[in-house]
Amino acid sequence: MAHGHHASGRRRASAVVLAAAFAVSACGSTQATASPGSTATSSPAASSVAPSATGSSAGKGSPSPVGSPGPGASGASSLAWTSCTAPFECATVSVPIDYAHPGDGSIELALIRLPATNPAARIGDLVTNPGGPGGSGVQFVRDAAQTTFSAGLRARFDIIGFDPRGVGQSHPIECVDAATMDRLDGLDPVPDLPGERTALIDGAKTFDAGCAANSGPLLPFMTTIDAAKDMDQIRIALGDPKLTYLGFSYGTFLGSTYANLYPDRVRALVLDGAVDATLPFAAGLSAQAQGFAGALSRFLADCASRPSCPFYNGGRPGPAYDALMARIDGAPLPALALGDPRPVGPGEALTGVIAALYDQTAWPILARGLALAQAGDGSLLLELADSYSERGPDGTYSNIAAANTAVNCADFSTPTDLATYDALARKLGALIPRFGEAAVYLSLDCAFWPFHPSHDPVVPVARGAPPILVVGTTGDPATPYPWAQKLAQELSSGVLLTRTGEGHTAYGKSACIDGLVDAYLLTLAVPNTGTVCS
């Protein structure tokens, strides 16, 4: 599984990068096709999201009185937009590194917009976040806005994406080089030999030391509270009196944090794939490991019911899956069809499986990948893993792993003693055999981080905010449905909207969901509490 990736996961605009980008056949050909809107996700197997770091401003902030327009809401944008491949326009906004000491330096955040197609009927800006933490909002809008968001929304809103601090083009956190990432991603996340456990520990230390050496001054200011304050600076720069926002996965934590800080500055918030940021460390790992275990079980049951499934195995794909993963643990596979020299070991294989479980439309790809691996070729699993880790064809990585780790370690209080991890790994390994132990050992990074926050995030109440729409999917592996139920209850004005089905997040996967979300964003009409879509 991808090193340095912590949950909650990231919105996928299409099935998986691999689903749209590659088709590897057993005869060894690789065909590239267009990949509109494909985005990778951060790993489900580690701690989710998170509190305030040493040196950053924390707490609930000092929102202006309910009903006030918020500072800087002039109604006119102060941003200097320039064309960056039509129809997109790009700009930057300056924000302080440390909001408690704004004179101590600033960084530039990268923004992108897709202008409204009907400017005469324009409502304002729709700010988006694809999740992560560490996902590039600029790349998300460029790749996915025209296919993810409905024509109705695109007509009346400028769609805004931004790279949060430390992400992508916004003063990116840097940790290790590509060759080191390849090595770390190849580590066995379920160490059954002493040397494998030592390698995981040393890998986490190497990664963390690289982050401290290359990006140390920004690390204490990578909290979600800092990012939410940045988002208010973006709102001001856009000239919007109040924020209209659609956040996916980790973006729900960012959005609920914003609402808690500035309840009077909210016009409409949609939080899709809700994160429970207040879960204790062990409970968060357990919930996500169970989420992915459940999704894998449903995939295998579906495959067992259809003799046409490439991984059918006489109607017993479950035992075949376990045997295959044990075989890969003993002897990594070559990537023959790809001609890639990297061995496909247990880390790459598990990450590939996880990547495909984010969207049910990727299940056929997973079935083919497992069948190909059973035949001795790990190519398809490796491509799935690369899509998840945002590793490009040239072998370079985006900085999602670095930013993801930086945000999680700034936000969450996590154990620092290895004995706690070992005990929890044994417990979750017995409880959730296919994912539990890996979930624990892939969360080691924060144990060796240069600093440790003293507490976890506060419950987001956002008292005084207008209705906030929380969307949950019953079969979501990365952000389990109970998290959406809980967030909707915690928010003073939360309204729960449910999709019954598989996969991570709901918008774009259900006409019912899309219609209700669009109506809320366009007209502020709120669905009845308890509304369920399929």
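Rules used throughout
Residues numbered from 1 in each chain as written. Predicted model: local features only at pLDDT ≥ 70, side-chain atom pairs only at ≥ 80, totals over all residues. Heavy atoms only, no water. Pairing = 2+ DSSP bridges. Helix = DSSP H or I, 4+ residues; strand = E, 2+ residues; numbered from the N terminus. Core = buried A, V, L, I, M, F, W, Y, C linked by side-chain atoms within 4.5 Å. Buried < 20%, exposed > 50% of the residue type's maximum accessible area, 1.4 Å probe, protein only. Axes fitted to C-alpha atoms, helices over the stretch in contact; angles between N-to-C directions. Contact = heavy atoms within 4.5 Å. Nonpolar A, V, L, I, M, F, W, Y, C, P; charged D, E, K, R; others polar. Phe/Tyr/Trp six-rings, centres within 6.5 Å; stacked < 30°, edge-to-face > 60°. 1 Å grid on protein atoms, 1.4 Å probe; cavity = no way out; pocket = protein on both sides within 12 Å on 5 of 7 lines; lining within 4 Å. Points joined across faces, edges and corners; volume = space filled by probe spheres on them. Salt bridge = Lys/Arg side-chain N within 4 Å of Asp/Glu carboxyl O. Polar contact = N/O pair within 3.5 Å; in protein donor to acceptor, adjacent residues only side chain to side chain. Disulfide = S-S within 2.5 Å. Expected span 1.5 Å × (residues − 1). Arc of directions from axis to C-beta.

Examining the sheet that holds strand 5 (residues 89-96)
Logical step 1: Taken in spatial order, the ten strands of this open sheet run 4-5-6-9-7-10-11-14-15-16, and their pairing is mixed. Looking at the sheet topology across the chains shown, the edges are occupied by strand 4 (82-83) and strand 16 (531-533).
Logical step 2: Pairing analysis gives six bridges linking strand 10 (residues 243-248) to strand 11 (residues 266-272), with the strands arranged parallel. Bridge pairing in strand 11 links Phe 248 to Asp 272.

Describing the nonpolar core
Logical step 1: Counting residues in each nonpolar core, the largest one holds 124 residues, and the members touching the most others are Phe 311, Leu 357 and Phe 435.
Logical step 2: When residues in this core are grouped by element, the largest group, ten residues, is from helix 8 (residues 281-304).
Logical step 3: By size, the runner-up hydrophobic cluster in this structure holds 31 residues, among which are Val 138, Val 141, Leu 153 and Val 495.

A word on the packing of helix 9 (residues 317-330) against helix 10 (residues 346-356)
Each pair of packed helices can be summarised by the angle the axes make with each other and by the distance between the axes.
Logical step 1: Packing of helix 9 against helix 10 leaves a shortest axis separation of 8 Å and a crossing angle of 145 degrees. When helix 9 is examined against helix 10, the residues Tyr 321, Met 325, Ile 328 and Asp 329 are found in contact with a partner set consisting of Pro 346, Ala 349, Leu 350 and Val 353.
Logical step 2: In the contact of helix 9 with helix 10, the residues fall into seven nonpolar, no polar and one charged.

Quick look at the packing of aromatic side chains
Logical step 1: Under the counting rule described, the total for this entry stands at ten aromatic pairs.
Logical step 2: With 5.9 Å between their ring centres and 70 degrees between their planes, Phe 140 and Phe 248 make a pair best called edge-to-face. Taken together, the residues span a long stretch of sequence, with Phe 140 in helix 2 (residues 137-148) and Phe 248 in strand 10 at a distance of 108 residues. Here Phe 140 and Phe 248 have matching classes, each one buried.
Logical step 3: Aromatic rings pair up to connect Phe 140, Phe 149, Phe 248 and Tyr 507 into one cluster.

Remarks on the layout of surface pockets
Logical step 1: There is about 300 Å³ of room inside the second largest pocket.
Logical step 2: Lining the second largest pocket, in full, are Asp 188, Pro 189, Val 190, Asp 192, Tyr 321, Asp 322, Met 325, Asp 329, Pro 346, Leu 350, Pro 433 and Arg 434.
Logical step 3: Counting residues per element, the ones that place at least two in the lining of the second largest pocket are helix 9 and helix 10.
Logical step 4: The leading source of residues in the lining of the second largest pocket is helix 9, at four residues.

Concerning the pattern of salt bridges
Logical step 1: Inspection of every chain in the model, using the stated rule, returns 17 salt bridges.
Logical step 2: Taking the shortest distance from any N to any O, the salt bridge between Asp 125 and Arg 122 comes out at 3.1 Å.
Logical step 3: For Asp 125, a relative accessible area of 4% translates into the label buried.
Logical step 4: Measuring nitrogen to oxygen at the nearest pair gives 3.7 Å for the salt bridge that ties Lys 509 to Asp 359. Linking Lys 509 in the loop between strand 15 (494-502) and helix 17 (511-523) with Asp 359 in the loop between helix 10 and helix 11 (363-374), this pair joins segments that are 150 residues apart in sequence.
Logical step 5: Within this structure, Glu 89, Arg 113, Arg 122, Asp 125 and Asp 158 form a network of salt bridges that share partners.

Observations concerning the side chain of Ser 249
Logical step 1: Within the secondary structure, Ser 249 is located in the loop between strand 10 and helix 7 (250-261).
Logical step 2: At a separation of 2.8 Å, a polar atom in the side chain of Ser 249 contacts the side chain of His 504.

Some thoughts on the state of the cysteines
Two cysteines form a disulfide when their sulfur atoms are joined by a covalent bond.
Logical step 1: According to the stated counting rule, one finds five disulfides in the structure shown.
Logical step 2: Note on cysteine connectivity: Cys 84 is disulfide-linked to Cys 90, with sulfurs 2.1 Å apart. One disulfide, between Cys 84 and Cys 90, carries an S-S torsion of 80 degrees and so falls in the right-handed class. Just as Cys 84 is buried, Cys 90 falls in that class too.
Logical step 3: Through a disulfide, Cys 512 is tied to Cys 533; the S-S separation comes to 1.9 Å. Here the S-S torsion is close to -55 degrees, and the disulfide linking Cys 512 with Cys 533 is therefore left-handed. Placement of the pair is Cys 512 in helix 17 and Cys 533 in strand 16, with a sequence separation of 21 residues.

A few points about helix 2
Logical step 1: Counted at 1.5 Å a residue, the expected span for helix 2 with its twelve residues is 16 Å, but the 13 Å between its end C-alpha atoms falls short.
Logical step 2: All of the buried residues along helix 2 are Gly 137, Val 138, Phe 140, Val 141, Ala 144, Ala 145 and Thr 148. The buried residues of helix 2 occupy an angular sector of 155 degrees when the element is viewed end-on, so they sit on one face.
Logical step 3: Where helix 2 is buried, its residues touch strand 6 (106-114), strand 7 (124-129), helix 3 (151-156), strand 9 (157-162) and strand 10.
Logical step 4: For helix 2, the N-terminal capping position is held by Ser 136, with its side-chain oxygen 3.4 Å away from the main-chain nitrogen of Val 138.

Structural notes on the environment of Asn 408
Logical step 1: Inspection of the secondary structure assignment puts Asn 408 in helix 13 (residues 400-411).
Logical step 2: The class of Asn 408 is buried, set by a relative accessible area of 0%.
Logical step 3: For the pair Asn 408 and Gly 132, spaced 276 residues apart in sequence, the C-alpha separation works out to 9.8 Å.

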